[in-house]
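Given next are the chains, with one letter for each unit.
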Amino acid sequence: RSDRMAAFQLIHSLAGGTGSGLGARVSEHLREEYPNCFQLHSVVWPYTSGEVVVQNYNSVLSLSHLSDSSDAIINLQNEEA
């Protein structure tokens, strides 16, 4: 247990699967439980052409939720990461 929680840093993918949906959900729950803590998200964008057909939709929807619940988002390209 901590007397003072200052920040959370979350690292996850936006392409789909567990990273996009669960990452946004965890961010929302952390915002509810710790409203004064800073949230920094390092997110990895999917490849330009990937295996998952809906990865672009997952990315946009996840990013829209993250923009509401996080304080800062660092975008990383999968090709360059």
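Predicted, not measured: the structure shown is a model, and the values here were computed from it. (Residues numbered from 1 in each chain as written. Predicted model: local features only at pLDDT ≥ 70, side-chain atom pairs only at ≥ 80, totals over all residues. Heavy atoms only, no water.)

> Can you walk me through the side chain of Arg 31 in this structure?
Looking at the element boundaries, Arg 31 is found in helix α1 (residues 18-33). A polar atom in the side chain of Arg 31 sits 3.0 Å from the backbone oxygen of Pro 35. For Arg 31, the side chain forms a polar contact with the main-chain oxygen of Ser 69, separated by 3.0 Å. Setting aside residues up to four positions removed in sequence, Arg 31 forms contacts with Cys 37, Gln 39, Ser 69, Ser 70 and Asp 71. (Helix = DSSP H or I, 4+ residues; strand = E, 2+ residues; numbered from the N terminus. Polar contact = N/O pair within 3.5 Å; in protein donor to acceptor, adjacent residues only side chain to side chain. Contact = heavy atoms within 4.5 Å.)

> When you look at the pattern of salt bridges in this model, what are you seeing that I'm missing?
Should their charged atoms come close, side chains of opposite charge can pair. Overall, the coordinates contain two salt bridges when judged by the stated rule. Put simply, Glu 28 and Arg 25 hold a salt bridge, and the shortest N to O gap is 3.9 Å. One end of the pair is Glu 28 and the other is Arg 25, both in helix α1 and three residues apart, which spans about a single turn. The exposure class assigned to Glu 28 is partly exposed, which follows from its relative accessible area of 24%. With a relative accessible area of 47%, Arg 25 lands in the partly exposed category. Among the ionic pairs, Arg 31 bridges to Asp 71, the shortest N-O distance being 2.9 Å. Placement of the pair is Arg 31 in helix α1 and Asp 71 in the loop between α2 (55-69) and β3 (72-77), with a sequence separation of 40 residues. (Salt bridge = Lys/Arg side-chain N within 4 Å of Asp/Glu carboxyl O. Buried < 20%, exposed > 50% of the residue type's maximum accessible area, 1.4 Å probe, protein only.)

> Mind showing me how you'd approach the packing of α1 against α2 here?
Packed helices, taken two at a time, are described by the angle their axes make and the gap between the axes. One can describe the packing of α1 onto α2 by two numbers: an axis separation of 9 Å at closest approach and a directional angle of 10°. The angle between the axes of α1 and α2 places the two elements in the roughly parallel class. Of the residues in α2, those in contact with Ser 20, Gly 23, Ala 24, Ser 27, Glu 28 and Arg 31 of α1 are Asn 58, Ser 62, His 65, Leu 66 and Ser 69. For the contact of α1 with α2, the residue count by class is two nonpolar, seven polar and two charged. (Axes fitted to C-alpha atoms, helices over the stretch in contact; angles between N-to-C directions. Parallel < 35°, antiparallel > 145°, perpendicular 65-115°, else oblique. Nonpolar A, V, L, I, M, F, W, Y, C, P; charged D, E, K, R; others polar.)

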